[in-house]
Structure formats: structure tokens, C-alpha cells
Amino acid sequence: MFNSTLTEDEAFLCPVDGAIMITASHLPYNRNGFKFFTNAGGLGKADIKIILERAADIYKSFTDQGLMKSKRKASESIKRLDYMTVYTSDLVKAVRKAAENIEKPLEGFHIVVDAGNGAGGFFAEKVLQPLGAITSGSQFLEPDGMFPNHIPNPEDKTAMKAITQAVLENKADLGIIFDTDVDRSAAVDSIGREFNRNRLIALMSAIVLEEHPGTTIVTDSVTSDGLTTFIEKKLGGKHHRFKRGYKNVIDEAVRLNSVGEESHLAIETSGHGALRENHWLDDGAYLMVKVLNKLASAIASGIAGGSKVLTDLVEGLQEPGVAVELRLKIDQNHPDLKGGSFREYGEAVLQLLENHIESDPKLQKAPVNYEGVRASGFGGWFLLRLSLHDPVLPLNIEATSHEDAVKLGLAVSSAVKEFHALDTSALDKFIQT
Ligand SMILES: O=P(O)(O)OC[C@H]1O[C@H](O)[C@H](O)[C@@H](O)[C@@H]1O
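Residues numbered from 1 in each chain as written. Predicted model: local features only at pLDDT ≥ 70, side-chain atom pairs only at ≥ 80, totals over all residues. Heavy atoms only, no water.

**Notes on the sheet that holds strand E3 (residues 41-42)**
Spatial strand order, E1-E2-E3: three strands in an open sheet with antiparallel pairing. Each of the sheet's edge strands pairs with one partner strand only, and the pair in question is strand E1 (19-23) and E3. With five bridges connecting them, E1 and strand E2 (residues 33-38) associate as antiparallel partners. Across the sheet, Ile-20 pairs through a bridge with Phe-36, a residue of E2. (Pairing = 2+ DSSP bridges. Helix = DSSP H or I, 4+ residues; strand = E, 2+ residues; numbered from the N terminus.)

Below is the structure:
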């Protein structure tokens, strides 16, 4: 969508002034919305607020007759164009270029795609097949807004299980999965190991740091300590762990560049990843093209071994034995809120947790942290923060063993127990298992 604001091609009426996408993104089908783009990128909250206010004003002064007339006028000016041909041929060209301009650099390579019945099914036929890849075993390529198979979201365990199974059953070299509107993606190697969350960031960091040594990788707040060590010690880059939210990480990377700190990658554990070379757009297909480039150039230089070239890139990434996210809901109608907002209540919870950490010698507060409360201890870490959208405090815990993770959970639980509007049942359950 966004690319149509940049493409220079009169036959496709491009560049267009703006683009709108109707999508629920990775959310369930009943949460559809609009995404707006201009050639400066996706619009943010403040822009959307203005659009809505202006739309409401215009709508107020409409009569039924005027509305019909506008609808007629609008429908007369609609022209249907196959912009996907332009977009996908650019993706194909990028991979060919990385492989010394070989027409079919992925010849004989078997890649399965799981689009989860979202919009990403095109990737098999329009990107992988022209590059010579075999795509049999690909699944859920037909768009179906009811998502009958699984939620199209690489953060969803069922979704990742589905693509992993498809890779193993088809003995494929690689699996690729997208969310509904293809702004999130993840992959699976030939032995079924996921390039998802921290492993996806590690893979993308390795690719980007090869091209831009020493550069800063901006990530969201729930990334692991092992990832920092990997980026800084193994890859020689700098890890800037910022806030959750794809727009937050992108804006931060743009800001860093504007103040002279070079950054080429802004990426979230959710699978949203944006590259400076791609106008800072969180385009999941482009992210996977970067992965394909790596494969194609390895094949072109005679390195065999399927997706091992990718697996090798994340070698040395320390992974926790246990990694959980527990989402603690705030009951907005609880008298404890005293008419205040859930945000204020959440902030109070965080403040008390912070005080607890300061008085607990077994926990160390993260020296640099941009949201919520992050602490390490018992060989692991936890982060409690406010959700971006919901009345929820997500708690991430990572540790070497379940026992240590429980100790971290207990530390949080004892700090927040006075907050009766906070539903800690998920945490209580975790501690008791
Ligand atoms: O704060 P949370 O509730 O965990 O949600 C955070 C997530 O919200 C949306 O889904 C955004 O697309 C993501 O970029 C963000 O990471």
C-alpha cells in the first residue's frame, strides 16, 4: 500500500497521494480498522484523530441526498489496478540482484508459506515461484476474513505450530509465516526451529550488521538479555532496547539517525521489522526478502545446506529455558480505581513494584529502561509494563529454569498484592505450577 505512494509509474497512476488499507491486522476478525499511508509513511494516532474529527464534521452537514451524490461521484472515479504486480516484481528483482542477477536463484529450494488466510498468500505464487522455489505444502493462502485455520499472527503459538508442522511434513528447506496484512512475519528453518521473537531479531541483526557494521539495532522492551549480548558481543553492534509498539521503535530509529546515531533496523519481538533502506516501513514481505537474499547469495556462491546458512547466523544466541508473558487485567469498574483511569492505576502498581525492587537485594533494576519496570535476578529478568492499548499490565519473565522464573514471579506478586483491581490469576497460576 505505502509503496504506491512512492512508485513512479503513470500506467498505475503512481505515485498516489495516499493509500488506505482495511485490516484487523493480527487481531481477530471483529477488530477491523483502517490504516492510512502517505509518502511520509503510516499515519500515527494524532493524524488519525484529526482525520476522524474532520470526517465527523463533514458527515454532520451531510443530507441523505448529498451523501448519495457523493457516493455516486466517488464510485464513478474508482479505477481498479493490479498494483500487486508492481510491488511483487520489485521484491523479486531485489532477490535476483542479491544473487548476482540469476533469474531463478532459489531453483529447487523448497519454501512453504502460511498466510493464515490473510493477505500474504501472494508471496508463494508471485515472489517465490518466479525465483524458482518450490512452494508445495504452502497453506491457508486464500484470504478469508474469518481466519478459519488459525489467527494469522507469528506471536500466536498455534500459528507457529502450524507453519513448523508444514515445514517438517513437507521436508521443506524453510517456512515463512505472515500476519493478516503482512506487516509481521517470521520463519522456520528446515529442522523446525523458529526464527521468531528474539531469534528473528537476532537473524535480522546479523544480516543488517553484515551490511552496516557497528550500527544500532532498535528493538521493543520485551527483548531478552541474551539478545543484547548476541548483538553487542557476537555481532559488534549496539542494542537499543526501547519501548513496545512498532511505531515507537520505528520513530526511535528515525530519531537516532537524526541525532547522528546510525541505525538501519527497528524491530519488535512481535515480528514487525522496518529497515532504513525500505523507507522505515514495517513490511513483513520485505523482511523475508532480506532473508531470501541471504539464502540466494549463499546458493549463488555455491554454499549448499538448505536454510543452515540462516541457522548458523544465530549461532551463539543464548536462549532462556523459560519465557512467558502473563497478561494481568485491570478491572476498570473496580472501586479501587476511585474514578481514575486504568493508566493511573497501572502507574501506581509500577511505582510500588519499583520501590520493592529497590529494597530487595536479590533484584537489580535495569540501569537503562524506557517503559515499565524491568529487573534482573535469579539468573533471569522480568518486565512489568502497561499495555499499549488495553487495560492490562503484561508481565514478561525469562529465566534458566521454571523454578527461577517462579522466584521472579513471586517477587512481582508480593509487590502487587494490595492492588485489588488487578487480576493476578494468571500470575498466581504460574507461581503454583
Ligand atoms: O502492549 P501490548 O498490549 O502487548 O501490545 C503491543 C502491540 O500492539 C500492537 O499490536 C502493535 O501492532 C504492536 O506493535 C505492539 O507490540
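**Looking at the environment of Gly-120**
Secondary-structure assignment places Gly-120 in the loop between strand E4 (111-114) and helix H4 (122-128). On the accessibility criterion, Gly-120 (0% relative accessible area) is buried. Aside from chain neighbours lying at most four places away, what touches Gly-120 is Val-113, Ala-115, Phe-178, Thr-180 and Val-182. (Buried < 20%, exposed > 50% of the residue type's maximum accessible area, 1.4 Å probe, protein only. Contact = heavy atoms within 4.5 Å.)

**Some details on the UniProt feature "domain: Alpha-D-phosphohexomutase alpha/beta/alpha" (unreviewed entry) in the chain**
Following the UniProt record, one finds the feature "domain: Alpha-D-phosphohexomutase alpha/beta/alpha" (unreviewed entry) at residues 16-56, 87-190 and 197-297. Structurally, residues 16-56 is divided into 29% helix and 32% strand, and its ends, taken at the C-alpha atoms, are 25 Å apart. Here residues 87-190 runs as 31% helix and 13% strand, with 28 Å between its end C-alpha atoms. (UniProt positions renumbered as here; feature names shortened; annotations may be inferred.)

**Description of the nonpolar core**
Ranked by internal contacts, the top residues of the largest apolar core, which has 56 residues, are Leu-106, Ile-111, Phe-123, Leu-174, Met-204 and Leu-292. Looking at this core, the element that brings in the most residues is helix H9 (residues 284-300), giving ten residues. Not counting residues up to four positions away in its chain, the partners in contact with Ile-111 are Leu-106, Leu-128, Ala-133, Ile-134, Thr-135, Ser-138, Leu-174, Ile-176 and Leu-292. In this structure, Leu-353, Leu-384, Leu-393 and Val-412 belong to the second largest nonpolar core, which totals 35 residues. (Core = buried A, V, L, I, M, F, W, Y, C linked by side-chain atoms within 4.5 Å.)

**Concerning the pattern of salt bridges**
Going through the model one piece at a time under the given rule, you end up with 27 salt bridges. Notably, a salt bridge pairs Asp-225 with Arg-241, separated by 3.6 Å at the nearest N-O pair. Taken as a pair, Asp-225 in helix H7 (residues 225-234) and Arg-241 in strand E9 (residues 238-241) lie far apart in primary sequence, 16 residues in all. Residue class for Asp-225 comes out partly exposed when judged on its relative accessible area of 32%. The network of salt bridges with shared partners includes Glu-155, Arg-184, Arg-197, Asp-220, Arg-244 and Glu-268. (Salt bridge = Lys/Arg side-chain N within 4 Å of Asp/Glu carboxyl O.)

**Overview of the packing of helix H6 (residues 197-211) against H9**
Axes are the key here: two packed helices are described by the angle between their axes and the distance separating the axes. In contact at an axis separation of 11 Å, H6 and H9 are set at 65 degrees when each is read in the N-to-C sense. Here H6 runs over H9; the crossing is left-handed. Note on element contacts: H9 touches H6 through Leu-287, Met-288, Lys-290, Val-291 and Lys-294, opposite Leu-200, Leu-203, Met-204, Ile-207, Glu-210 and Glu-211. Of the residues assigned to the contact of H6 with H9, the class counts are seven nonpolar, no polar and four charged. (Axes fitted to C-alpha atoms, helices over the stretch in contact; angles between N-to-C directions. Left-handed = near helix turned anticlockwise from the far one by under 90°. Nonpolar A, V, L, I, M, F, W, Y, C, P; charged D, E, K, R; others polar.)

**So, the site of the ligand**
Taken together, His-26, Arg-184, Arg-244, Gly-245, Tyr-246, Glu-268, His-272, Arg-327, Arg-385, Ser-387, Leu-388 and His-389 make up all the residues around the ligand. Between the ligand and Arg-244 there is a distance of 3.3 Å, counted from an oxygen atom to a side-chain nitrogen or oxygen. In this structure, His-389 approaches the ligand through a side-chain N or O atom, which is 2.8 Å from an oxygen atom. Within the shell around the ligand, the residues separate by chemical class into two nonpolar, five polar and five charged. (Near = heavy atom within 4 Å. Polar contact = N/O pair within 3.5 Å; in protein donor to acceptor, adjacent residues only side chain to side chain.)

**Considerations on the environment of His-356**
For His-356, the position within the fold is in helix H11 (residues 342-358). Put simply, His-356 and Lys-290 are 66 residues apart on the chain and 44 Å apart in space, counted from C-alpha to C-alpha. The residues touching His-356, leaving out its near neighbours within four places in the chain, are Ser-414 and Ala-415.

**Quick look at the sheet that holds strand E16 (residues 392-399)**
In any sheet, the strands associate via hydrogen bonds between backbone groups, in a parallel or an antiparallel arrangement. Taken in spatial order, the six strands line up as E13-E14-E15-E16-E12-E17 in an open sheet, and their pairing is antiparallel. Two strands lie at the open edges of the sheet, namely strand E13 (364-365) and strand E17 (422-423), each paired on one side alone. Pairing of strand E12 (residues 322-330) with E17 involves two bridges; the strand directions are antiparallel. Note that in E17 the partner of Ile-330 across the bridge is Leu-422. Set on the sheet, helix H12 (residues 402-416) makes contact with E12, strand E14 (373-377), strand E15 (380-384), E16 and E17; between it and E16 the angle comes to about 150 degrees.

**Remarks on the pairing of E16**
Taking burial as the measure, the eight residues of E16 include eight buried ones, the bulk of the element. Covered by surrounding structure in E16 are Val-392, Pro-394, Asn-396 and Glu-398 together with Leu-393, Leu-395, Ile-397 and Ala-399, the residues of both alternating faces. For E12 and E16, the ladder comprises eight bridges, and the chain directions are antiparallel. Within the sheet, the bridge partner assigned to Val-324 lies in E16 and is Ile-397. Here E15 pairs with E16 via four bridges, running antiparallel. Within E16, the residue paired with Phe-382 across the bridge is Ile-397.

**Overview of the pairing of E9**
Regular strands show a simple pattern: their side chains alternate between the two faces of the sheet. Here strand E8 (residues 216-219) pairs with E9 via four bridges, running parallel. Residue pairing for E9: Thr-216 is matched across the bridge by Lys-238. With H7 bridging E8 and its parallel neighbour E9, the resulting β-α-β unit is right-handed. (Right-handed = clockwise from strand over helix to strand, strands pointing away.)

**Some details on the environment of Lys-104**
By the secondary structure assignment, Lys-104 is in the loop between helix H3 (83-98) and E4. Counting along the chain gives twelve residues from Lys-104 to Val-92, while the straight-line C-alpha distance between them is 9.6 Å. If we skip the residues at most four places from it in the chain, Lys-104 touches Pro-130, Leu-131 and Gly-132.

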